[in-house]
Amino acid sequence: ALGAFRHRVLYGNTCNDFLVRYQTASISPTSVKSLDQVAPISDHYPHIVSDTLQHTYEWPPPGEDGGEVPFYAADDGPTREMIEEMIRNLQTLGWRRVGARFQRTVDGKNPLPFPLNVANAHNHLPVCRPMLDGKGADSVNHICGVLEEHSKELEDEAEAQRRAEEEKRSMEAQ
């Protein structure tokens, strides 16, 4: 059923989300080590640290798992096999993956030591409570921008199809 959707986008917090781990949110057996300290993708989106911009089929990218064991490594044989199969099947669909990072900092850049750096990352991403989670407004703006991109793409394709049909009718009329 997910394959019926033309655009599939995953948003995951790269740290401090204790409700939905990054690996689960990004359909990945491991985290992506390079996302730990990477700078935001732009000033407009200070909490968005990665965006594949297109569907990717293998995640994390080769060599980016840092040798980490999969999050399900301790599970028994049948459970582990089921999780591995589920991840393999979901990854065959292709997903645009977006990573966000919410953490408390000393100066806006350097994180506080644990446990002081723990932010309510899970609620910041969708801004569940604007008064408490308002820092995530840029992530909501990013989501809106992605939806606008997809809408524009569909409009452009519909317009191209309309023009092609008009041209075909015009050729047939001659």
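Here we summarise the structure given alongside this text.

Basis of the calculations
Residues numbered from 1 in each chain as written. Predicted model: local features only at pLDDT ≥ 70, side-chain atom pairs only at ≥ 80, totals over all residues. Heavy atoms only, no water. Helix = DSSP H or I, 4+ residues; strand = E, 2+ residues; numbered from the N terminus. Buried < 20%, exposed > 50% of the residue type's maximum accessible area, 1.4 Å probe, protein only. Contact = heavy atoms within 4.5 Å. Areas by Shrake-Rupley, 256 points an atom, 1.4 Å probe, with all protein chains shown as cover. Pairing = 2+ DSSP bridges. Axes fitted to C-alpha atoms, helices over the stretch in contact; angles between N-to-C directions. Phe/Tyr/Trp six-rings, centres within 6.5 Å; stacked < 30°, edge-to-face > 60°. Lys NZ or Arg CZ within 6 Å of the ring centre and 35° of its normal. Core = buried A, V, L, I, M, F, W, Y, C linked by side-chain atoms within 4.5 Å. Expected span 1.5 Å × (residues − 1). Salt bridge = Lys/Arg side-chain N within 4 Å of Asp/Glu carboxyl O.

### Thoughts on the overall build of the protein chain
Within the protein chain one finds five helices and three strands. Along the chain direction, N to C, the helices and strands of the protein chain fall in the order β-α-β-α-β-α-α-α. Counting over 174 residues, the protein chain shows a buried share of 32%. Here the analysis covers contacts within the protein chain between residues at least 6 apart in sequence; of these, 70% occur between residues at least 24 apart. Accessible area for the protein chain stands at about 11100 Å²; split by element, carbon and sulfur atoms hold 56% of it.

### Section: the sheet that holds strand E2 (residues 48-51)
Sheet strands pair by backbone hydrogen bonding; their relative direction is either parallel or antiparallel. Reading across from one edge, E1-E3-E2 is the order of the three strands in this open sheet, with mixed pairing throughout. The open sheet has two free edges, formed respectively by strand E1 (9-13) and E2, since each of these has just one partner strand. Within the sheet, the average angular offset between the axes of one strand and its neighbour, ignoring direction, is 20°.

### A look at the packing of aromatic side chains
Inspection of every chain in the model, using the stated rule, returns zero aromatic pairs. Directly above the aromatic system of Trp-95 lies the positively charged group of Arg-8, at a separation of 5.8 Å from the ring centroid.

### Considering the nonpolar core
In terms of nonpolar packing, the biggest core is built from eight residues, these being Tyr-11, Ile-48, Val-98, Ala-100, Phe-102, Ala-121, Leu-125 and Val-146. Listed in part, the six residues of the second largest apolar core include Tyr-72, Ile-83, Ile-87 and Trp-95.

### Description of helix H5 (residues 137-173)
Spanning 37 residues, H5 covers 54 Å between terminal C-alpha atoms, matching the ideal 54 Å at 1.5 Å per step. Along H5, the residues that are buried comprise Asp-138, Ser-139, His-142, Gly-145, Val-146 and His-150.

### Quick notes on unusual backbone geometry
For the peptide bond that leads from Trp-59 to Pro-60, omega is 0°, which places it in the cis range. Structurally, Pro-60 can be placed in the loop between E2 and helix H2 (77-91). Unlike most non-glycine residues, Ile-27 shows phi in positive territory, near 50°. The residue Ile-27 is located in the loop between helix H1 (22-25) and E2 in this model. A relative accessible area of 11% means that Ile-27 is categorised as buried. Its identity as a non-glycine residue notwithstanding, Leu-53 has a phi of 65°, on the positive side.

### Remarks on H2
For H2, spanning 15 residues, the distance from its first C-alpha to its last is 21 Å, which sits close to the expected 21 Å at 1.5 Å a residue. Tucked inside the fold, the buried residues of H2 contact strand E3 (96-100).

### Things to note about the side chain of Ser-50
By the secondary structure assignment, Ser-50 is in strand E2. On the accessibility criterion, Ser-50 (11% relative accessible area) is buried. Those residues in contact with Ser-50 that sit more than four places away from it in its chain are Leu-35, Ile-41, Arg-97, Val-98 and Gly-99.

### Remarks on the pattern of salt bridges
All told, the structure shown has nine salt bridges when counted by the stated rule. In this structure, the salt-bridge partner of Arg-6 is Glu-153, at a minimum N-O distance of 3.4 Å. Note that Arg-6 is positioned in the segment before E1 and Glu-153 in helix H5, a separation of 147 residues in sequence. Among the residues examined, Arg-6 registers a relative accessible area of 40% and is labelled partly exposed. The closest approach of N and O atoms between Arg-96 and Asp-51, which form a salt bridge, is 2.7 Å. Linking Arg-96 in strand E3 with Asp-51 in strand E2, this pair joins segments that are 45 residues apart in sequence. A cluster of three or more residues bridged by salt bridges with shared partners is formed by Glu-159, Arg-162, Arg-163 and Glu-166.

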